[in-house]
Amino acid sequence: MTHKYTNALVTETSPYLLQHAHNPVHWNPWSPELLERAQKEDKLLLISIGYAACHWCHVMEKECFEDEEVAAMMNEKFINIKIDREERPDIDHIYMDALQMMTGSGGWPLNIVALPNGKPFWGATYVEKDKWIKSLTELSNLYLKDKSKITEYADKLAEGIKSVNLVETKAEATSYSMQQLDAAVKNWSQHFDTTLGGNKQAPKFMMPANYNFLLHYGTATEDAAILEYTNTSLTKMAYGGVYDHVRGGFSRYATDTKWHIPHFEKMLYDNGQLTSLYAQAYAATNNPLYKKVVQETIAFTTRELMNKEYAFYSSLDADSYTEKGTLEEGAYYVWKKEKLQALLADRFEIFKDYYNISNYGLWEHQNYVLIRNKSDSEVAQKHKITQQQLTTTLEECKAILKEEQTNRKRPRLDDKILTSWNGLMLKGLIDAYTYLGDEEYLNIALKNAAFLKTKMIKKDHSIYRNHKNGKSNINGFLEDYATVIEAYIALYQVTFDESWLQIAKDLNDYCLNNFYDSSNGMFYFTSQEDTFVIRRTVETTDNVIPASNSIMAKNLFVLSKYFPNENYAQKASHMVKNVQQHFHENGGSYANWLQLALQQDLPFYEIAIVGKDYRKKAKELHASYTPNAILAGTAKTSKLELLQGRHDPNNTLIYVCQHGSCKLPQTEATAALQQLTYTD
């Protein structure tokens, strides 16, 4: 295919950047050399950041970046840079902070005008064509007329960008107590939507770390209200249109309060974390709905996001084509009532009641987004059928709809592979195996772990961020290390192959040598080996993906149980102290940190299983929800201190220990589980 225009993005591998490779705008990928060129030419930077599944990014591309008039102006007055935020979160962090400081809000596309040295002085998200031309022309003219004023503002903004990211050392602070933690949860709970789940607001994002912590906290403290809220949230999310009832998997967020209308892009990072969450919730509650969500979400990710090497792609687009050939958000997923009636025939009435093909499920243009608000038993009773008959009918309906979707054009696939998101999915698969016991999940997990080991981890234990078509060209960020370390620790606990634990330790020690700031005890987002603009970010606030520092702190805590002679535990404790002043007022943004504080405050156990039946005993233990313990196991000998000197040739023994001090060994998993109390 021949194109009228081709720019420097054509050699990139990111699908988002390649989407813009034939814009008339002279786009360039980010590079330090480009900033050097800008400074030599004294030319402003126009930095536009987005991602492949972003709806408004596509809209702005069509209205502005494909327009020859707009492109001519941009090419004349700016050096234009396109960035995939998923490949370069380090740059996105900085300019998103800048945008929020300038405008009070953020989002994507994230458009920044910066000095030639990269310091920003103007920003916006989506801008329509006429306003875009007017704004950029005025900014260019202002720089030519009053450069000193622009430079002064940009310098002050740069100082602000640095200051909002400072973390002071609090090593001498008192450890966060259970009393403080209880108060933080109580304060946070004022924002809970106890009827519909999530927070009292729209849009609603599925925040896996929040419910992961609340499930642990509610179980440990026997707080019935917290557990009820957590289960309400998980149920409503699984009932909502934000969950794909036909194909499995979750969209990125719901635009309304009842989880009905999603922003239809489906991201690997959401689905990996939600697989973990629902697997743990199933272990804690034995709720079959949660098991079904895990099974269907894994079916979706392995079918639609996994390649032949068992690596996972990044996302599916929000937009897809209608029957009329127009590109619209959600077109692949929504249904007309008449179409459903024709496809499902005599099954339609049951399907209609179950998924609310009614005013409750109506979206726009007479399209329906499937949403549940009744239990299986309620629908079965209404139609005077058994629950098994209901299940069979619904599975038949979904098979028909899946087949119908093969006639639709699928949403675009972002087929780049990101290390951190694969780490999250790997952890999800391991948790699914742990709590559901399906061997296929472990098989996929092992193959994904092997891909990361051979393709993404270098001999010096550094990591690549990205991979596509055999090519990796971006060094990993802290989140890449943190998520893989966490997943490999979990993989050891189900395989007891100590090589996974050793790789986790090697990666952890690489981070200590290359990302760690000894002045405050935190980790930078970027390695000391990499260049940066304005600042090296220190990520501490948990979001949809937890902060890389909170994941690393939890990793240090867990690794300290396997390697007690290292000072990992002290480092983890120091990190919590550095941020704990934020917990009370903003618990929802520090949920992963709160879980570590909970693990530090309440008894946390090391379970050592030694003997020929250690795998069988481990599997029995795995069936229970045990967020306050880690496992180690061997048939006879091990390099791990926790397992040494515990072999009995006549028995497989289970030792429940704290800080290396163990209770009387048990031969049965049930007896060992009874020793895992939340009180001393």
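Preceding block: the structure.
Quantities reported herein were computed from a predicted structural model and do not represent experimental measurements.

A. Quick look at the overall build of the chain. Helix and strand counts for the chain stand at 25 helices and 23 strands. By the compact-globule yardstick of 26 Å for 680 residues, the chain fits well, its C-alpha radius of gyration being 26 Å. Seen through its principal axes, the chain has C-alpha atoms that stretch 85 × 70 × 45 Å. The contacts in the chain between residues at least 6 apart in sequence include a share of 69% that link residues at least 24 apart. Carbon and sulfur atoms make up 47% of the accessible area of the chain, which totals about 27,500 Å².

B. Representation of the pattern of salt bridges within the structure. Under the definition given, this model contains 40 salt bridges. Glutamate 304 is the partner of arginine 247 in a salt bridge, and the nearest nitrogen-oxygen pair spans 2.8 Å. With a gap of 57 residues between them, arginine 247 in the loop between helix H10 (224–239) and strand E7 (253–254) and glutamate 304 in helix H12 (residues 288–304) connect regions that are remote in the sequence. For glutamate 304, a relative accessible area of 8% corresponds to the buried category. A salt bridge links lysine 616 to glutamate 620; the shortest N-O distance between them is 3.0 Å. Here lysine 616 and its partner glutamate 620 are both found in helix H24 (residues 614–622), four residues apart, which amounts to about one turn of the helix. Three or more residues joined by partner-sharing salt bridges are found here, namely Asp84, Glu86, Asp414 and Lys416.

C. Fine view of the sheet that holds strand E23 (residues 661–662). The strand order across the open sheet built from four strands is E21-E20-E22-E23, with neighbouring strands paired in mixed fashion. The strands lining the two open edges of the sheet, one partner per strand, are strand E21 (629–634) and E23. Where strand E22 (residues 653–658) and E23 come together, two bridges link them in antiparallel fashion. The partner of cysteine 657 across the bridge, within E23, is cysteine 662.

D. Geometry of the pairing of strand E5 (residues 120–124). Counted residue by residue, E5 has five buried out of five residues, so it is predominantly covered. Taken together, the four bridges between strand E4 (residues 110–114) and E5 define a ladder with antiparallel strand orientation. By the bridge assignment, valine 113 is partnered in E5 with tryptophan 122. Here E4 folds back onto E5 in antiparallel fashion, the turn holding five residues, of which glycine 118 has a positive phi close to 95°.

E. Just the side chain of lysine 82, in detail. Topologically, lysine 82 is positioned in strand E3 (residues 78–84). For the buried lysine 82, no salt bridge is present, and the opposite-charge side chain at shortest range is glutamate 61, 7.7 Å distant. In terms of polar contacts, lysine 82 uses its side chain to reach the side chain of tyrosine 16, at 2.6 Å.

F. Representation of the state of the cysteines. This model, assessed by the stated rule, comprises two disulfides. With its sulfur 2.3 Å from that of its partner, cysteine 54 forms a disulfide with cysteine 57. Between cysteine 54 and cysteine 57, the S-S dihedral sits near 80°, and the bridge is therefore right-handed. Here cysteine 54 matches cysteine 57 in class, with each residue buried. Here cysteine 657 engages in a disulfide with cysteine 662; their sulfurs sit 2.0 Å apart.

G. Here's a closer look at the environment of threonine 634. Note that threonine 634 resides in strand E21. Residue class for threonine 634 comes out buried when judged on its relative accessible area of 8%. Not counting the four nearest positions on each side in its chain, threonine 634 is found in contact with Ile609, Val610, Gly611, Tyr614 and Leu643. A polar contact is formed between the side chain of threonine 634 and the backbone oxygen of threonine 637, at a distance of 2.6 Å.

Definitions and limits used
Just so you know, the residues in each chain are numbered from 1, in the order the chain's sequence is written. Only residues with pLDDT of at least 70 get local features here, since the model is predicted, and only at 80 or more are side-chain atom pairs given and counted; chain-wide, interface and lining totals rely on the full set of residues. Note that the side-chain values use all heavy atoms of the structure and ignore hydrogens as well as water. Helix and strand labels come from DSSP, where a helix needs a run of H or I of at least four residues and a strand needs a run of E of at least two; each type is numbered from the N terminus. The size measure is the radius of gyration over C-alpha atoms, and the globule rule it meets is 2.2 Å times the number of residues to the 0.38 power. Note on contacts: a residue pair qualifies if any of its non-hydrogen atoms lie within 4.5 Å across the two residues. Using a 1.4 Å probe, accessible areas were evaluated by the Shrake-Rupley method; residue-level cover was limited to the displayed protein chains. What makes a salt bridge here is a side-chain nitrogen of Lys or Arg within 4 Å of a carboxyl oxygen of Asp or Glu, nothing more. Note on classification: 1.4 Å probe, protein chains only; a residue is buried when its accessible area is under 20% of the maximum for its type, exposed when over 50%, partly exposed between these limits. For two strands to count as paired, DSSP must find a minimum of two bridges between them. Neither His nor the chain termini are counted; the positive set is Lys and Arg, and the negative set is Asp and Glu. Side-chain atoms alone can form a polar contact between residues adjacent in sequence; in general such a contact is a pair of N or O atoms within 3.5 Å, and within protein one must be able to donate a hydrogen while the other accepts it. To count as a disulfide, a pair of cysteine sulfur atoms needs to be within 2.5 Å.

So, to be careful, I would describe these as geometric facts and stop short of saying anything about function.
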